[in-house]
Amino acid sequence: MEKSTTYILHVCPKIPARLARLEELANNLWYSWDRPTRALFARLHPNLWKATEQSPKAFLKRIDEQRLLNAAEDQVFIGNFNRVLAAYDTYHDHYTPVHGADWLKQDDLIAYFCAEFGFHESFPIYSGGLGILAGDHCKAASDLRLPFVGVGLLYRQGYFHQTIDSEGNQIATNTDSHFDVLPIKPSKRSDGSEAYISVDLPGRKLKIKIWQARIGHITLYLLDTDLESNSPHDRNITHRLYGGDKVMRMEQEIVLGIGGVLALRELGLRPTVWHINEGHAAFLVLERIRQKITEEGLDFASALECVAANSVFTTHTPVPAGHDHFNEEMAQTYFEDYYPQLKLNREEFLALGHAKDSPDFNMTALAIRGTRFNNGVSRIHGNVSSAICGGMWPEIEHRENPMTYITNGVHAPTFLASEWIEVFERHLGLEWSARMNDVEFWDGIDKIPDHLFWSVRQSLKAKMLNMVRERISEQHFRNHGSEAHLDRLLKYVNPENPNILTVGFARRFATYKRATMLFGNLDLLREILNNPERPVVFIFAGKAHPADNPGQDLIRHVTHISKMTEFVGKILMVEGFDLAMSRKLISGVDVWLNNPLYPLEASGTSGMKAGINGAINLSVLDGWWGEGYDGKNGWAIKPVSESLSEEVRTREETRTLYELLQDQVVPLYYGHSGMGFSPDWVKMSKRSMASILPRFNSRRMVSEYLDKCYLPASRQYRLYRQNKCENSRSIASWKARVRQSWHGVTLQRLDAGQKEIIFGGNLHFEVAVRLNGLDPGDVVVEMLLGLFAKRENFFEPIRYRFEATGTMTKAGENIFALEVKPELCGKLEYHIRAYPYHKMLTHPFEMGMMRWL
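Residues numbered from 1 in each chain as written. Predicted model: local features only at pLDDT ≥ 70, side-chain atom pairs only at ≥ 80, totals over all residues. Heavy atoms only, no water.

Structurally, Leu-524 can be placed in helix α20 (residues 522–529). Separated by 242 residues in sequence, Leu-524 and Ala-282 place their C-alpha atoms 49 Å apart. Discounting chain neighbours no more than four positions away, the residues touching Leu-524 are Tyr-658 and Gln-662. (Helix = DSSP H or I, 4+ residues; strand = E, 2+ residues; numbered from the N terminus. Contact = heavy atoms within 4.5 Å.)

Take a look at the structure:
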């Protein structure tokens, strides 16, 4: 029988005039954190809302028109609609900057570049933590009313959809997004025409279309190469997030970095601060330098100083191998026609990406050389990054080099369950959201009655368990499981009886995150899980990268353990981890487990999301938890010495995990009072929320970026731009002079050096410095004085600056002197050093040069 052809026709409903602003709501990602807006769409057709993956724009294209007509006459719906619009208008019409944002100048604009952005599951241009963090950064920038734009790539395929078969094999499915149902629209030039740009690739020009999305107050610009005028290969450049080989990665990063700068220029935007969020966008440094050279007549060194002065670089990578790099041949192929425009030869260009112990062109090295504000994403990660990147400042001790840290935060309105909002308003006051960063204010959580707090937690847990049951059931039947066995699987995840201790582990399945550490001693695990009086359930979820076979092996291992008779129903591996599942899990589980191999967790944010909802963290003291743990708000697994093998470290830390579960976690949860819950558990749960919410939210994070990076960068740029970049030329010329002379700079002590004095006495020091052609004002000579410390990390000195005496030794050395009266008693130690100094330096040690006596 002959098959007929299937033709597709989309019939879109007409939206009644009374509901016209539904389209406005659907086209602003404000809905990604405003639950009443999402609830409004869901009320119109709950099943369709679920089928469209909570995408308002897709929903409005598919809903039956009669439902819209009925809603337009439904006074209850109209009342809800008007309340949502009132909240939307209040948010968007209120342009008074939050404290701090008004410090920026009227013409300031922050441009934030990232390879992925995660706002909501309806806009799948993200894969994991980096994207969600970038999305939260944008949302907080909107909340703070910052002059801010984002720049990224518009992927047809975001991260894959995951299913897991009966053997635990991960099956990755990629689907193309239809741009007409995404909350985006083409960007327009000032004349109203759609905006396009082009970038040069080897032997061809690549045409790029610019799209935009609204996120509250701010705009995100997205670049798209899937155009008919491009070749099939070039159309694929922005097809899949992190897809393809090194060639594809290189081309994506050229589009993001160079194309992103050109796109903002095409749209008439002139950022005064540029933020490179991870090294993927580092090529933007080159394009900005090229424009300074070709349009403003600067030489390369002066252009670099001008560009770096207002550029910020954030690294999220805790291991050297994780930083993007390309071999020299590839860098030469893609940039051989580009670097002559920078007035550089091949060797000078490749040197921009040179990193210690590698011949490759390293994107992190390029980013650091092209920026003056550098940070990791937690205190621990800042220390790790200062060591990894220490070669960029070779003579500076790691703890003093320009690499600092700003700890990540999460967007509370997105991840705080709506059930808590009513509780906060009643017991903390309507101002709770305005006082998000006020640590003392959040101590007021203790005022919430224990029974009410527990009731909210149990309600959220019941919703989470419902979701788990749905997902497990779908997974089970697709894998041809029986109904009888499904009853066993779901026995302990019962929304009607949410009184079983439930532990969640949901994140990317990378080997360093050690998802299977829990299974190190199955006999002990049986004891913990199978006590009929105190049962425990572990819920696992997460994806492994399709190319990460060891990560996929972890999923298989969890699945295998979950099938063992004694663990059926007690260990569950849930497929299809996404943002929607994440919101349910982090708000519903009792304990959030995280056991990475120290110090490989750059920050981690899932534990923050769980903590602000009252879940209690049980985690290795790595990433953010190294700052978040206070001894009363959760449990800590202290990392074993890094000098031991990974096997030994994992075995020892697994023992600690079991001991904490057996001796503290389980007994605390089941220490029920007459009211049916554990008062001590509620106390710790409240402490978790009160201690984490004000310190680890994205408003605090972005405020810290504003204070430490954006404001100083804006000021430096204005300084370096003065008089047609005269200061940029001046600082570049000064640095060249210092570099030429520094090899010959030496220090020699002239005074005899006293061994002991009485407290209150004065000390006189004299140092002779051979400046090798530099002036005395080109260096700082200083003393570091502090209590004697056997370990370097504990040495916290006071700094005293020597003064040039204007005299010289017979050998032609400049004499510097210091009179000091020690303010401390006891055994002291001191060190004397010299380093280059110029009042216009952004960081005192940015040149990476130091001489010690």
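This next bit is on the packing of aromatic side chains. On inspection of all chains with the given rule, the structure shows 40 aromatic pairs. Arranged with centres 5.8 Å apart and planes meeting at 25°, the rings of Trp-454 and Phe-677 form a pair that is stacked. Taken together, the positions of Trp-454 in helix α18 (residues 450–478) and Phe-677 in the loop between α25 (646–669) and α26 (679–692) put the pair 223 residues apart, joining distant regions of the chain. Here Trp-454 falls in the buried class, since its relative accessible area comes to 11%. A ring pair is formed by Phe-519 and Phe-540, whose centres lie 5.8 Å apart and whose planes are at 45°; its orientation type is tilted. Note that Phe-519 is positioned in the loop between β15 (501–506) and α20 and Phe-540 in strand β16 (residues 536–541), a separation of 21 residues in sequence. A cation sits over an aromatic face here: Lys-207 above Tyr-196, 4.6 Å from the ring centre. (Phe/Tyr/Trp six-rings, centres within 6.5 Å; stacked < 30°, edge-to-face > 60°. Buried < 20%, exposed > 50% of the residue type's maximum accessible area, 1.4 Å probe, protein only. Lys NZ or Arg CZ within 6 Å of the ring centre and 35° of its normal.)

Before going further, it helps to spend a moment on empty space enclosed by the protein. The method is simple in principle: a probe with the dimensions of a water molecule rolls over the atoms, and the space it marks as empty is what remains. Summed over the entire model, instances satisfying the criterion amount to one cavity of 30 Å³ or more. Reported here for the largest cavity is a volume of approximately 40 Å³. What lines the largest cavity is Ala-115, Leu-153, Tyr-155, Tyr-242, Arg-249, Gln-252, Glu-253, Leu-256 and His-280. At four residues, helix α9 (residues 246–266) tops the list of elements feeding residues into the lining of the largest cavity. Grouping the constituent residues of the lining of the largest cavity by class yields five nonpolar, two polar and two charged. (1 Å grid on protein atoms, 1.4 Å probe; cavity = no way out; pocket = protein on both sides within 12 Å on 5 of 7 lines; lining within 4 Å. Points joined across faces, edges and corners; volume = space filled by probe spheres on them. Nonpolar A, V, L, I, M, F, W, Y, C, P; charged D, E, K, R; others polar.)

Turning our eyes to something else, we now look at the pairing of strand β6 (residues 196–201). The side chains of a regular strand alternate, residue by residue, between the two faces of the sheet. Here β6 shows a clear split, with Ile-197, Val-199 and Leu-201 buried on one side and none of Tyr-196, Ser-198 and Asp-200 buried on the other. As defined by bridge partners, β6 adjoins strand β7 (residues 204–215) across six bridges and the pair is classed as antiparallel. Bridge pairing links Ser-198 to Lys-207 in β7. Once β6 ends, the chain turns through two residues before running back antiparallel as β7, passing Gly-203 with a positive phi of about 75°. (Pairing = 2+ DSSP bridges.)

Counting across every chain of the model gives 46 salt bridges. A salt bridge links Asp-89 to Arg-21, with the shortest nitrogen-to-oxygen separation between them at 2.7 Å. One end of the pair, Asp-89, is in helix α6 (residues 75–93); the other, Arg-21, is in the segment before α1 (22–26), with 68 residues separating them in the sequence. Given the relative accessible area of 24%, Asp-89 is considered partly exposed. For Arg-21, a relative accessible area of 27% gives the class partly exposed. When salt bridges that share partners are traced, they join Glu-305, Arg-372, Lys-735 and Glu-846 into one network. (Salt bridge = Lys/Arg side-chain N within 4 Å of Asp/Glu carboxyl O.)

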